[in-house]
Structure formats: structure tokens, C-alpha cells
Amino acid sequence: MKADRRVFGRMPDGAVVEELTLRALGPGDDKYVCKIITYGGAVRSLTMPGRDGNPVDVVLGFDTLEDYRAQDKYIGALVGRYANRIGGARFTLNGVEYPLAANDGANSLHGGNTGFDKQVWTVEEFGGSSAVLSLVSPDGQEGYPGTLSVRVGYTLSDGGLAIKYWARCDRDTVCNLTNHCYFNLSGHASGPVTGQYIRVTASRYTPTRPGSIPTGEVAPVDGTPMDLRRAQKIGDHIDAPFEQLAMAGGYDHNWVIDGCGKRPLSCAAAAWSPDTGIAMDVSTTLPGVQFYAGNFLKGCPAGKGGAAYGDRHGFCLETQFYPDSPNRPGFPSCVLKAGEEYHSTTIFSFSHLDSPEGLNLL
């Protein structure tokens, strides 16, 4: 069994960034390959066979550390201490207000100026089909209270990629961890994903105001372009004259996953490429999923092999607590109490389908 570990680059302070290659155990071990770098814990590539048996790399990524550091799209990265947005770049916990970096207009996005996506993670375990990375975020980093210890485990199989998160803090804090892979199930260099199919298993979503901060409402999707409960092309309604889509430039919203909490893992979403036949099913322990259709990808450095990444050339399915939860007592709580443990799991499962109708059965 092959297991690769190499130097991917060096940070300006000399810190080494490594690339870990995971290979699935079992009969598909030569076809299912995942490459992870310790800068941001980013998934750099995820390769599997298409319907014709040829390998397809289904995530966007870059060939050099310099390109990862230059881009601002969070491509492939682990995101924290708080994924998504916190309105007004501040929140109050236990009667104390904590100001954060306003790195997205007046709001804080994905952990601030130097979130987990821009830090070098430590390799705790590595071998064959799995790896565990760790990070310690000191008290006050980016404005957040408490020293937070985080571990993230990746396990690759010929059925998919499982990501498990663990965290513990010495003070009460807020914690919301996710992965920001951009998927293109036709291949990372194949262009727009608007012809690929999406299904989101949610009958409600959280509408936003300008700046993509939730209004606090949890609204039904019925009768709107936000109803993705049956498989449809990503591009079918993405430019519909609907205020929520117009404000965000397309899909970039949090959906409330149906059935969350009623079973250990809930199906959040599924997607399919008619070009490769590859289908992806996303299941999670978390209550929400941000479906982002890559509306603002233009301006990235060239991707792997010189690929040009433009708007809507990849989509994200970020499992999460809802955006701005620290300021919304009606949303599921993202508070991590001192000494308690945060756990979450997200699994990206892959298969082949002959038609989008199969997505409705996943």
C-alpha cells in the first residue's frame, strides 16, 4: 500500500507545508486518491473513476503554495474558528462583547483575517487511507475567547471521504468548523457547473439581508427558486428574478437540513454530473448546509495544470451551524462550553448514476 508525504512548500517564516496522499484501502485503492496539504488543511485533489473508468479529479485546487496564499476563495480549506459570517463583526457571550475582524464589509467571514484556512496545521497521524491534523488557536486570536484545540480527521475509502472534527476550549467560546471544497463532478478543469444537478434536502432556509447576514427568519422554500428538494440543474433558476438570489449573485445561502437530530447522520445534499456519471451524497451531523455556486470565483490564480477557474466553475456544500448564530438565540447554539467537546462529522459519498432521477433516492 502506497502512502506519500512530501514537502509542498515553505511559508515566509520558513515553516514547512506538507502534502499528504491518501489512497483508499480495498479494490479501488489505485483509483480513489486524495491529496491534502497542511496549509489550511486543504483538500488539494480528490480523484476517482468516472463512468468510463478514467480518473476524474473532482475538486478545485492549485499546484503551488504561493497560489494558495494568493487566492482569497478558501479553496479546499478547513474553515474556523467560525465558518461563514458573523454580522457586525462582533458577538456577545456571557455578557461580554467580543469584537472581530471585519473582513467582509462590516461583517466577519470564515474566522477573520488569519482564520484556520491560512494557518499551517500539524500532522498528528498519517498512513494509507487516513490522516489527522491538529491546530491550537490561542486565546484572543482573531478576537475569539479561549484557547481552542482542534483535531480534524480525514478517511478515504472507495465510497468517499469522511471528515471528522473535534475541538475543546478552556473558556466558553463559539465554534463552527467546516470544509470549503469547491466540487466540479465533471472534473476540476471542465468549466461551469451550471449543467450539473443539485438536490438539497431542506424544506426551509435562512433568508439574508444585503451582506449575506440572516434576517433571523427561517423561511419555507415552497414556491421559490430555493426549493431544491428534487434534482435540478444548478443553472435552472440561479439567475431567477428573486431578491435573495439577486443579492447574493446566485445561490449562496444556508439551508436547514430536514430531519437533523433525528438520526446520527442526515442527508444534506446530493449532486450529479451527466458528463462523468459521478454522483455525490453529503451527509452530516450538523443542522445546516451552505450551498454556494461559486458565483465569485473569477480572479483566482490558475488552477492545477494551468486550469482557468471562473465564476461558477465549482460549487460548495459547507455543513455548518447557521450563519450569525452567535447573535441569533433562535438558531441552534454554536456555543462550546469550557471543558466540553465539540464533535461533528461530514461524509462525502460517491457513486455512479445514469440519470439525475437517482439523486432523489440518495
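Basis of the calculations
Residues numbered from 1 in each chain as written. Predicted model: local features only at pLDDT ≥ 70, side-chain atom pairs only at ≥ 80, totals over all residues. Heavy atoms only, no water. Helix = DSSP H or I, 4+ residues; strand = E, 2+ residues; numbered from the N terminus. Rg over C-alpha atoms; globule rule 2.2 N^0.38 Å. Buried < 20%, exposed > 50% of the residue type's maximum accessible area, 1.4 Å probe, protein only. Contact = heavy atoms within 4.5 Å. Lys, Arg positive; Asp, Glu negative; His and termini not counted. Charge placed at Lys NZ, Arg CZ, Asp CG, Glu CD. Pairing = 2+ DSSP bridges. Polar contact = N/O pair within 3.5 Å; in protein donor to acceptor, adjacent residues only side chain to side chain. Core = buried A, V, L, I, M, F, W, Y, C linked by side-chain atoms within 4.5 Å. Salt bridge = Lys/Arg side-chain N within 4 Å of Asp/Glu carboxyl O. Disulfide = S-S within 2.5 Å.

Draft legend 1. Quick look at the overall build of the chain. On a plain count of helices and strands, the chain comes out with two helices and 29 strands. Scaling as 2.2 N^0.38, a compact globule of 362 residues should have a C-alpha radius of gyration of about 21 Å, and the chain matches this with 19 Å. Along the longest, intermediate and shortest principal axes, the C-alpha atoms of the chain span 60 × 55 × 40 Å. Sorting the 362 residues of the chain into buried and exposed places 60% on the buried side. If you take every contact in the chain between residues at least 6 apart in sequence, the share linking residues at least 24 apart comes to 66%. Of the side-chain charges in the chain, 32 are positive and 39 negative, and the distance between the mean point of each set is 1 Å.

Draft legend 2. Local environment of the sheet that holds strand S17 (residues 197–200). Pairing is antiparallel across the open sheet formed by nine strands, whose spatial order is S11-S12-S13-S14-S29-S25-S24-S17-S22. In the strand order of this sheet, the two ends are held by strand S11 (122–127) and strand S22 (232–233), each with one partner. The sheet contact formed by strand S13 (residues 148–157) and strand S14 (residues 160–169) spans 10 bridges and is antiparallel. Paired with serine 149 across the bridge in S14 is arginine 168.

Draft legend 3. Main features of the sheet that holds strand S27 (residues 316–320). The five strands lie next to each other as S21-S18-S23-S26-S27, forming an open sheet whose pairing is antiparallel. The sheet is open, and its two edges are formed by strand S21 (219–220) and S27, each paired on a single side. Alignment of strand S18 (residues 204–206) against strand S23 (residues 252–256), held across three bridges, turns out to be antiparallel. Along S23, the bridge assignment pairs arginine 204 with valine 256.

Draft legend 4. Representation of the side chain of glutamine 232. Take glutamine 232: it is sitting in strand S22. By relative accessible area, which is 11% here, glutamine 232 ends up buried. At 3.1 Å, the side chain of glutamine 232 forms a polar contact with the backbone oxygen of aspartate 227. Filtering out sequence-adjacent residues up to four positions away, glutamine 232 remains in contact with Gln196, Tyr197, Ile198, Asp227, His237 and Tyr251.

Draft legend 5. Structural detail: the nonpolar core. One finds Val58, Tyr154, Phe183, Trp255, Phe291, Phe315 and Phe350 to be the most contacted residues of the largest nonpolar core, which totals 76 residues. Core analysis: the second largest hydrophobic core is formed by 18 residues, Ala42, Leu65, Cys300 and Tyr309 among them.

Draft legend 6. Molecular detail of the pairing of strand S3 (residues 33–37). Within S3, four of the five residues are buried, which leaves it mostly tucked inside the rest of the structure. Sheet topology places S3 next to strand S4 (residues 43–49); four bridges connect them, and they run antiparallel. Looking across to S4, one finds that cysteine 34 is bridged to leucine 46.

Draft legend 7. Quick peek at the pattern of salt bridges. The tally for this structure, following the rule as stated, stands at 19 salt bridges. What you see here is one network of salt bridges that share partners, running through Arg6, Glu19, Arg44 and Asp63.

Draft legend 8. View of unusual backbone geometry. With omega at 5 degrees, the peptide bond leading from glycine 80 into arginine 81 counts as cis. Tracing the backbone shows arginine 81 in the loop between strand S6 (78–79) and strand S7 (85–86).

Draft legend 9. Region of interest: the pairing of S14. With seven of its 10 residues buried, S14 lies for the most part within the structure. Direction of pairing for S14 relative to strand S29 (residues 341–352): antiparallel, over a ladder of nine bridges. Within the sheet, the bridge partner assigned to arginine 168 lies in S29 and is glutamate 341.

Draft legend 10. Examining the state of the cysteines more closely. Evaluation of the coordinates by the stated rule reveals zero disulfides. Cysteine 175 takes part in no disulfide bond, and the closest cysteine sulfur to it belongs to cysteine 169, at a distance of 8.3 Å. Judged by its relative accessible area of 0%, cysteine 175 is buried. Free cysteine: cysteine 260, not disulfide-bonded; nearest cysteine sulfur from cysteine 267 at 12 Å.

By themselves, these are just geometric observations and shouldn't be taken as functional.
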